[in-house]
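# Chain and residue survey
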Amino acid sequence: MLNRPFLLMLPALIALGIGFILPMGSVVWTSLHQGGLFSMGAWGEVLSSRTFLGILGRTFSMAAVVTLLTLALAYPLAYWAATTARRWGAQIMALVAVPYLTSILIRSYAWVAILGGNGLVNRALESLGLIEEPLPLVFNRFGSYVGMVHILLPMAVFPIFAAMQRIDPALMRAGASLGAPPGSSFSTIFLPLSWPGVSAGAALVFLAAMGFYITPALLGAPGDYLVAQAIEVRVSTLAEFDTAAAQACLLLALVTALMLLLRKRIVAMAGEDTTAAPARRLPLPPLLRRLGAAVAGLLAPIATPLLWGYGLLLMTLLLAPMIVVVLIAFSSAPYLSFPPPGWSLRWFFSFFADEAWLRATGFSLVVSLAGAATALAIGTPFALALSRGRFQGRRLLWLLAVAPMILPHIALALGLFFTAVRLGLNGSIASFWIAYTVTGLPYVVIILVAALRRFDTDLERAAASLGAAPLRRFRDVTLPLLAASFASAFLFAFLAGFDDLIISLFLSSPNGTTIAMRMWEDIRLEISPKTAVVGVLQLGLLLLAALIARLRLWSAPWRTR
Amino acid sequence: MRQAGQPVEIQGLSKRYGRLRALDDVSLAVAPGEFLALLGPSGSGKSTMLMTIAGFERADSGRIIIGGRPVDHLPPHQREIGMVFQRYALFPHMSVSENLAYPLRRRGVTEGEILRRVTEALGTVRLDDLGSRSIDALSGGQQQRVALARAIIFRPAVLLMDEPMSALDRKLRQHMQLELKQLHQELGTTIILVTHDQEEALSMADRVALLNHGRLRQVGAPAELYRRPVDAFVADFIGRTNFLSVDHSGVVGFSTPLAGALAPDSAAPAPGKVLGIRPEHMTLSDDAPGEPCRVIQASFGGAQQVLLLAAGGQQLTMELPSWNSSGGGRLWQPGEAGFLRFLPGTARVYDPLDTQETV
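Residues numbered from 1 in each chain as written. Chains lettered and ligands numbered in written order. Predicted model: local features only at pLDDT ≥ 70, side-chain atom pairs only at ≥ 80, totals over all residues. Heavy atoms only, no water.

## Let's talk about the pairing of strand β3 (residues 35-39) of chain B
All names here are of chain B.
- The element β3 is extensively covered by neighbouring structure, given that 5 of its 5 residues are classed as buried.
- The two faces of β3 match: F35, A37 and L39 on one face and L36 and L38 on the other face are all buried.
- Note: β3 against strand β8 (residues 190-195), 5 bridges, orientation parallel. Within β8, the residue paired with L39 across the bridge is T195.
- For β3 and strand β9 (residues 207-212), the ladder comprises 4 bridges, and the chain directions are parallel. When the sheet's bridge partners are listed, L39 is paired in β9 with L210. (Buried < 20%, exposed > 50% of the residue type's maximum accessible area, 1.4 Å probe, protein only. Helix = DSSP H or I, 4+ residues; strand = E, 2+ residues; numbered from the N terminus. Pairing = 2+ DSSP bridges.)

## Remarks on the confidence of the model for chain A
Residues and elements named next belong to chain A.
- Confidence in the prediction for chain A averages 86 pLDDT; 94% of positions are at 70 or higher.
- Across chain A, helix α17 (residues 355-388) holds the top mean pLDDT of 94, while helix α13 (residues 263-269) sits lowest at 67.
- Within the model, pLDDT remains below 50 along residues 271-276, and this stretch shows 13 contacts once partners closer than five positions in the same chain are excluded.
- A low-confidence stretch, residues 553-561 (pLDDT under 50), is modelled with 15 contacts involving residues beyond four sequence positions or located in other chains. (pLDDT = per-residue confidence, 0-100. Contact = heavy atoms within 4.5 Å.)

## Looking at the packing of aromatic side chains
- Taken as a whole and judged by the stated rule, the model has 21 aromatic pairs over all chains.
- Note on A:F60 and A:F206: the rings are 5.9 Å apart at their centroids and 55° apart in plane angle, and the pair reads as tilted. With A:F60 in helix α3 (residues 50-84) and A:F206 in helix α9 (residues 182-210), this residue pair connects regions lying 146 residues apart in the sequence.
- Seen from their ring centres, A:F494 and A:F498 are 5.3 Å apart, and the 20° between their planes marks the pair as stacked. Within this pair, A:F494 and its partner A:F498 are both found in helix α23 (residues 483-498), separated by 4 residues, close to a single helical turn. For the pair shown, A:F494 and A:F498 are each scored as buried.
- An aromatic cluster of three or more residues is present, and its members are A:F241, A:F417, A:F418 and A:F506.
- When the ring centre of B:Y102 is taken as origin, the NZ or CZ atom of B:R106, which lies over that ring, is 4.6 Å away. (Phe/Tyr/Trp six-rings, centres within 6.5 Å; stacked < 30°, edge-to-face > 60°. Lys NZ or Arg CZ within 6 Å of the ring centre and 35° of its normal.)

## Here we look at the interface of chain A and chain B
- The interface of chain A with chain B comprises 23 residues on the first partner and 25 residues on the second.
- Buried area between chain A and chain B, both sides added, is near 2,200 Å², and the carbon and sulfur share of it is 56%.
- For the interface between chain A and chain B, the tally reads 3 salt bridges.
- Close ionic contact of B:R87 with A:D456 constitutes a salt bridge, the shortest N to O distance being 3.8 Å.
- Between chain A and chain B we count 4 residue pairs in polar contact (both at pLDDT 80 or more) in total.
- Secondary-structure elements contributing two or more residues to the side of chain A that touches chain B are α21 (457-465) and α22 (470-481) of chain A.
- Counted by class, the side of chain A that touches chain B contains 11 nonpolar, 3 polar and 9 charged residues. (Buried area = accessible area lost by both parts, 1.4 Å probe. Salt bridge = Lys/Arg side-chain N within 4 Å of Asp/Glu carboxyl O. Polar contact = N/O pair within 3.5 Å; in protein donor to acceptor, adjacent residues only side chain to side chain. Nonpolar A, V, L, I, M, F, W, Y, C, P; charged D, E, K, R; others polar.)

## Here's the deal with the sheet that holds strand β5 (residues 69-70) of chain B
Residue and element names in this part refer to chain B.
- Taken in spatial order, the 4 strands of this open sheet run β2-β1-β4-β5, and their pairing is antiparallel. In this open sheet, the two edge strands, each paired with only one partner strand, are β2 (20-30) and β5.
- With 5 bridges connecting them, strand β1 (residues 8-17) and strand β4 (residues 61-66) associate as antiparallel partners. Across the sheet, residue S14 finds its bridge partner in β4, namely S61.
- Those strands touched by helix α1 (residues 46-54) are β1, β2 and β4, and its axis lies near 65° from that of β2. (Axes fitted to C-alpha atoms, helices over the stretch in contact; angles between N-to-C directions.)

## Some words on unusual backbone geometry
Residue and element names in this part refer to chain B.
- That bond from A288 to P289 is cis: its omega, 5°, falls within 30 degrees of zero.
- With respect to the helices, strands and loops of the structure, P289 is situated in the loop between β14 (282-285) and β15 (291-301).
- Positive phi, close to 55°, is recorded for R155, a residue that is not glycine.

## Looking at the pattern of salt bridges
- One pass over the structure, following the stated rule, counts 30 salt bridges over all chains.
- A salt bridge links B:E113 to B:R116, with the nearest nitrogen and oxygen atoms 3.1 Å apart. With B:E113 and B:R116 both in helix α3 (residues 111-124) and 3 residues apart, this pair spans about one turn of that helix.
- The exposure class assigned to B:R116 is partly exposed, which follows from its relative accessible area of 44%.
- Among the salt bridges present, the one from B:E179 reaches B:R126, with a minimum N-O distance of 2.4 Å. In this pair, B:E179 sits in helix α5 (residues 170-187) while B:R126 sits in the loop between α3 and α4 (140-152), placing the two residues 53 residues apart along the sequence.
- The structure contains a network of salt bridges with shared partners spanning A:D456, A:D458, A:R461 and B:R87.

## Some points on the sheet that holds strand β21 (residues 348-350) of chain B
Residue and element names in this part refer to chain B.
- With antiparallel pairing, 4 strands are arranged side by side in an open sheet as β12-β11-β13-β21. Of all strands in the sheet, those with a lone pairing partner are β12 (250-251) and β21, marking the two edges.
- Pairing of strand β13 (residues 274-277) with β21 involves 3 bridges; the strand directions are antiparallel. Looking at the pairing, V274 lines up with Y350 of β21.

In structure tokens form, the structure reads like this:
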């Protein structure tokens, strides 16, 4: 079936060439040209700008802090789901994934409602008489941290949970039978074996935090720019394309270098390579490890209630913004306020009466569905070739396909903008279609490669020996058995496009504007509950789709006749 | 559902994975309706050979001819070969009947005929009432039968089996071996079975092909492999064999001559060679004649006792019945002395077992 892996990968490679490599190339080219002539001027300006280097340093340090906070919160949560609450592990992970069902934009917006001067926390504290003046919880660095950690938490929990789940509980019992007290068997057995998950989570969170745009822009202090914001301002306000490109290049170079440096960890996370070695010697100073053992030992007797308490609290915090969004959508207030003073459907009516919003919704649906369908169509043969073929460089090809997810979208957006302008496609459906194919592809490749790796190829061989030709056995065996993986690959690819704001910021035009752009403009200008309506509709539709999938209403046609 | 088996001819098959020779110029002819076992330790190339016959692997060189027709260029789904997989590879999203119907649907058999043949196949493997079951609801033995039924329902002329019994427990395995042998006689299909279990190979197959390091070591009827191994590897892999150092005069350190113990077609003893003698081909008595020896260890194993003996400065294992014609036989204890004799015509001289080839 796979005599020609290159042919199977070709469509995806072409798409990556047009939608990823060409745009990245155009960023580099633009950074090196002024007025059509080669020039290092932009680089000189960027590298000598104290302001920009300060912003770069701030981005780095904030990403580091966010990574540490996220890991510290994620590890006990994953531990709880993988051990104490093992029976509910799958359900807990599904709940952890729920925030993905609404966009970063809507989740950040919800934090404004929770942390704002007029928000949930301040109102609660005021009514308890603990404070007189509202605490400044948002539009500062604290707000940025809360929002970023909240959004990145699932990204750290998943790989840590996956690593912990692979740990045989008998190992801990063996440790105990060999004389290790609970604390010491945790720090000598469990911690090292779960470390590949921790380092994978750390790598992903840090790389993602480096490119954050929406959350710091919405929740952070007005002047407290991160790199992505700095680049956006250069383009949209100052129209200094060459310096913006040079800044994007610098960010891109840093993140790419980090990604290549950390590639083993990232690849191991996605199940591309299951041979990830557990840390033989933990990169922790012995003192810290002993401290960890001591703390774990002290907590061991009350670990179960403690972990349940912690787990439930964190799950509540994780899901709180979703609940807040739903409640706001039914608010009767003319502006964002939480809790709502009364209930009404006025914002739903207002949404459905607003032609601009409806048009943007339709446009978003069309381009993200087209992008997801294309990503699935070209990503499936690509994943097949990667998981089944025996050839050199599979890990690098996997990384290339996944790079559009890991590398900062601001750089990709800038590159797509340059490319689209040059091709005269700016604001067209085609440019969005290409963009969302490329941003959806990583999810398709990650999910399908992992699923195909786990898939028992003997089933396909059996079908072959029984007389089924290649396409027939893909249809009869592979597709129905991996239907859930194909569905979630499509869903995530769709969400990658539908939730995108950054690329929209650059590609949108009066003829082609996404719903994310509409919401963004609305949030910046008036913060009405209309954005929450979009969140509720999205959430409702996706939950409905999940329910239908669960009931397998659509599985009947796959039954082979 | 009898179907005349087809001959399978394998000519000079070679396959490399990087530097590893998985198959090294293997030639083998399987007669129509024959039951052949491909036996060998793990990594011997037996599975690669099966996968190449089925069409899932492509050989670097060599030919496979089934029923007089070369099949090397054919993809697996056009080879008309039935296959039972090690973990059965039953389709979990289909019922038992749907699994059985699958190959018939691929061949455009009419619905009425499908129903008839599925019912017949369920009867053949004695699962008559389980057609509507889902695969998860079957025991290991039942799954094995479904896998077998699915592989033969389209009446392939050749049936390949990849360690089909390895997932079953010992009792069930022996039962299924008998059933499979009986089914083979009923069907007349050519069967090639891969196994690493010599007992399975010896008890079921008409002929056994023993592979090691990608090379065919010996092909023959089970008794022939047991009685006339061509080299020390075969002697060691089929049953068990003691290897003793020899020189021109006989076993090193032994005072009694080898003389009649050697098989008539054996090579002559010489320095650097070894004498192979099976543990069951010796006797031990309290009285001379024989080679004086001492019991080092003794273990009781039901029908037989296993002794570790020291004789002439060498050690060897022997197996002797724990009973004799008058009921309870002599049970030997460690430390006891006795006289050891080899049964006539049972010992053979080999080149020593290459250390790399030990099982």
